[in-house]
Amino acid sequence: MDILFVQALLIAIVVGAASGAVGAFIILRRMALVGDALSHVALPGIALALMWSLDPFWMVLAFLLGAAVVVWFCERQTTLPAEAIVGLLFTASLAIGILTIPDHEILESLFGGFPKLPVSELIFILGAAIGITVLVFMLSRRMLFTIVSPELAKVNGGNALVGLIVLLIFATVVAIGIKLVGTLLMGALTIIPAAVAKNVSPSARSYIVLSTVFGAIIAGAGVAGAAWSGVLPGPTIVLVGIAAFLISLGFLGRRRAGQ
Amino acid sequence: MNEPVLQVSGVSVVLDGESVLEDISFSVRKGEALAIIGPNGAGKSVLLKALLGLVPSQGSIMWAKGVHIGYVPQRFHPDRTIPLTVKEFLLFKSPAFWRPTKDFFAHLDHELSIVGLKKEILGHHVSDLSGGQFQRLMIAWAMTGHPDVLLFDEPTAGIDVGAEETIYSILHRLQKERGTTVLLVSHDLSIVYRYSQHVLCINKKMICHGAPEDVLTPGDLKRIYGETGFYHHHEDPTRTT
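Residues numbered from 1 in each chain as written. Chains lettered and ligands numbered in written order. Predicted model: local features only at pLDDT ≥ 70, side-chain atom pairs only at ≥ 80, totals over all residues. Heavy atoms only, no water.

### Details of the overall build of chain A
Stage number 1. Tallying secondary structure elements over chain A gives 12 helices and 0 strands in all.
Stage number 2. Secondary structure elements in chain A, listed N-terminal to C-terminal, are α-α-α-α-α-α-α-α-α-α-α-α.
Stage number 3. Taking 18 Å as the expected radius of gyration for a compact globule of 259 residues, we find that chain A reaches 18 Å, a close match to that expectation.
Stage number 4. C-alpha extents for chain A along the principal axes are approximately 50 × 45 × 30 Å.
Stage number 5. The proportion of buried residues among the 259 residues of chain A is 52%.
Stage number 6. Long-range pairs, those at least 24 residues apart, make up 78% of the contacts in chain A with a sequence separation of at least 6.
Stage number 7. Accessible surface, chain A as shown: approximately 11,200 Å² in total, 72% of it carbon and sulfur.
Stage number 8. In chain A, 13 positive and 10 negative side-chain charges are present, and the distance between their average locations comes to 19 Å. (Helix = DSSP H or I, 4+ residues; strand = E, 2+ residues; numbered from the N terminus. Rg over C-alpha atoms; globule rule 2.2 N^0.38 Å. Buried < 20%, exposed > 50% of the residue type's maximum accessible area, 1.4 Å probe, protein only. Contact = heavy atoms within 4.5 Å. Areas by Shrake-Rupley, 256 points an atom, 1.4 Å probe, with all protein chains shown as cover. Lys, Arg positive; Asp, Glu negative; His and termini not counted. Charge placed at Lys NZ, Arg CZ, Asp CG, Glu CD.)

### Re the side chain of A:Glu121
All names here are of chain A.
Stage number 1. Checked against the element boundaries, Glu121 lands in helix 7 (residues 119–148).
Stage number 2. Under the relative-accessibility criterion, Glu121 is labelled buried at 2%.
Stage number 3. Here Lys179 takes part through its side chain, which lies 3.1 Å from a polar atom of the side chain of Glu121.
Stage number 4. Contacts of Glu121, omitting those with residues within four sequence positions, involve Asp55, Phe57 and Lys179. (Polar contact = N/O pair within 3.5 Å; in protein donor to acceptor, adjacent residues only side chain to side chain.)

### Overview of the interface of chain A and chain B
Reports often express the size of an interface as the amount of accessible area lost when the parts come together.
Stage number 1. Listed by partner, the interface residues are 26 residues for chain A and 27 residues for chain B.
Stage number 2. A combined buried area of about 2,400 Å² lies between chain A and chain B, and 66% of that area is made up of carbon and sulfur atoms.
Stage number 3. Inspection of the chain A/chain B interface yields 2 salt bridges.
Stage number 4. Where B:Glu88 meets A:Arg205, a salt bridge forms, and the shortest distance between an N and an O atom there is 3.8 Å.
Stage number 5. Where chain A packs against chain B, one counts 13 residue pairs in polar contact (both at pLDDT 80 or more).
Stage number 6. Counting only elements with at least two residues in the side of chain A that touches chain B, the list comes to helix 7, helix 8 (150–155) and helix 11 (204–229) of chain A. (Buried area = accessible area lost by both parts, 1.4 Å probe. Salt bridge = Lys/Arg side-chain N within 4 Å of Asp/Glu carboxyl O.)

This is the structure:
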């Protein structure tokens, strides 16, 4: 248990930080629900991997990256609202996943657990999470600029692919966090730290930094709480995050009163 | 002063199957102020966007090589839910977003003072600025990095008359002192007479192009704005060009 706990805690801190960093942009792009639903696409990936006796991680990653491209394409190319397409696609994923994943695997797939990982996978997850966090900070000027004004960003050498880049980064974060937090709750780990940070941040740069820090703290504290009380880490992380959000509402009130 | 900075020839724009602009041709020389006028829905904003490559167009749009363009769109209001400060908005123009240099801040202070804003404003949220302050900030923003050409789409839409005057004088000063080429969409003919050397009148098609005194004849104005005669020009003794 000790090794599993340390492993889970390490994953929680680095994946929490990466989730917080990319979540800051998911919230600003008003894609919180799209992002949350996107994580459900992992379920058919898990089902297929189990059926073919493959490591679910790589199948989940492939499914999520594919879904990110589909969402981006639908956003640009169709006249249907993106959320309608996302709703259809992802509830279908959930239904397929529930019907095809064996009963004894379903709880862990949905709500996470303390994963037993091969060393190579652990190193990949830690490296990917740290790499993603650095990448988000490097791209943050361009991503923020495009969110504030796509037109001005384009005139000033912006990249039309920023939307796709945010989604691909998000999909990778979900893939690396899913074994710990679960498919149903992984979306929350990207939304909650950003929502907490938004309530207490005086500027956009502090918002991105705080969202990253809160992601690490909330996920780390959630895993510690789950290990201490002997419950699943996914729901515990979400509840710690919600507690942090409620506390942050007090700061929001104080900031408004001070204005 | 005589080099053309922009040459437009036979430009047409079709959006959603509807022809918005048809066969527009004109050129702009370095340091010139060109006003683009026309009634609502004439395609003025679309023309600016076509020049910037923001909407697809047919025909030829040739900018001088290496020209650096500043653009202020019409009625741009940043989302109030984004906690963006004035400093961060200006940092979009700096490659060092996280660790800006002292030189960049010195440059910002200079640009802000030109548009009459104090540097204390850097810490304010962009969404907390008044309409006039925001428009001045947009000019400072567009001027950051010293562009050769400034494109303004109705820079005074939605702000009070006093602030409107100030903004046009700032634009005029920039054009005179720095030799910046200015392309300005406006619906106000007195501004056109006062501040621009050339005027381009469009109403989906090209109506006229030349010095305001030469081309803005009563007949042309009727062709641009219809029979109502809504836009009257009164000779302005303060005219500076």
